[in-house]
Amino acid sequence: MVNRTPPRIQTPERFQKTADPLPPSPLNNRNPQHFDDSPPRTSTPARSSPSPPRSTISSIKELPVVRFDQILDSCEPSLLHISPILANMGIASEGHLRAMKRLSEETRDKELKEEALRLGMTVMEWAILLDKVQAM
């Protein structure tokens, strides 16, 4: 048999709260005297030295990127358009290009050239980039 009594609208009296379970004390925030005797607390944020404008920070971070783009743009013809391919390969700074120069030909061809060609760089673009890197 299914119980078809309507849901309760009110909490039964036995579950209703009748008294404050915590006695007043200086540590209990329910003690009205505690708040009456003390001034309201306000939190003040920690003071720190002013930071430089974001534009300065952004321009410092962008300097290696600008130099990297200048190197790619100085190729004839410009290789600036392959920057996203190089970034996808983890080559995003002048230091990375210099590291390419130090790799053995075998490692450079196996690890970098194959991936660059797979990502859409042409053989001619690879040759121009390699020539520029070796001239650095």
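In what follows, the accompanying structure is described. Only a predicted model underlies this, so the values are computations on that prediction, with no experimental measurement involved. (Residues numbered from 1 in each chain as written. Predicted model: local features only at pLDDT ≥ 70, side-chain atom pairs only at ≥ 80, totals over all residues. Heavy atoms only, no water.)

Once that is clear, we can look at helix α6 (residues 123-135). The terminal C-alpha atoms of α6 lie 18 Å apart, and with 13 residues this matches the ideal 18 Å at 1.5 Å per residue to within 8%. For α6, the complete set of buried residues consists of Glu125, Trp126, Ile128, Leu129, Leu130 and Val133. (Helix = DSSP H or I, 4+ residues; strand = E, 2+ residues; numbered from the N terminus. Expected span 1.5 Å × (residues − 1). Buried < 20%, exposed > 50% of the residue type's maximum accessible area, 1.4 Å probe, protein only.)

Moving on, we come to the nonpolar core. By size, the foremost hydrophobic cluster in this structure holds 20 residues, and its most contacted members are Leu86, Ile91, Leu97, Met100, Met121, Trp126 and Leu129. If sequence neighbours within four positions are ignored, Leu129 has contacts with Leu72, Leu79, Ile82, Leu86, Leu97, Met100 and Met121. (Core = buried A, V, L, I, M, F, W, Y, C linked by side-chain atoms within 4.5 Å. Contact = heavy atoms within 4.5 Å.)

Taken together, the buried positions of helix α4 (residues 94-102) are Glu94, Leu97 and Met100. Buried residues of α4 fall within an arc of 110 degrees about the axis and therefore sit on the same side. (Arc of directions from axis to C-beta.)

Right, let's get into the environment of Arg118. Mapped onto the fold, Arg118 is located in helix α5 (residues 105-118). Sequence separation between Arg118 and Ile85 is 33 residues, and the spatial gap between their C-alpha atoms is 9.8 Å.

It is worth spelling out the environment of Val133 at this point. By the secondary structure assignment, Val133 is in helix α6. Since its relative accessible area comes to 1%, Val133 is described here as buried. Ignoring any residue separated from it by four or fewer positions in sequence, one finds Val133 in contact with Leu97, Met100 and Lys101.

Examined against the element boundaries, Ser83 turns out to sit in helix α3 (residues 83-88). Judged by its relative accessible area of 17%, Ser83 falls in the buried class. Filtering out sequence-adjacent residues up to four positions away, Ser83 remains in contact with Phe68, Asp69 and Leu72.

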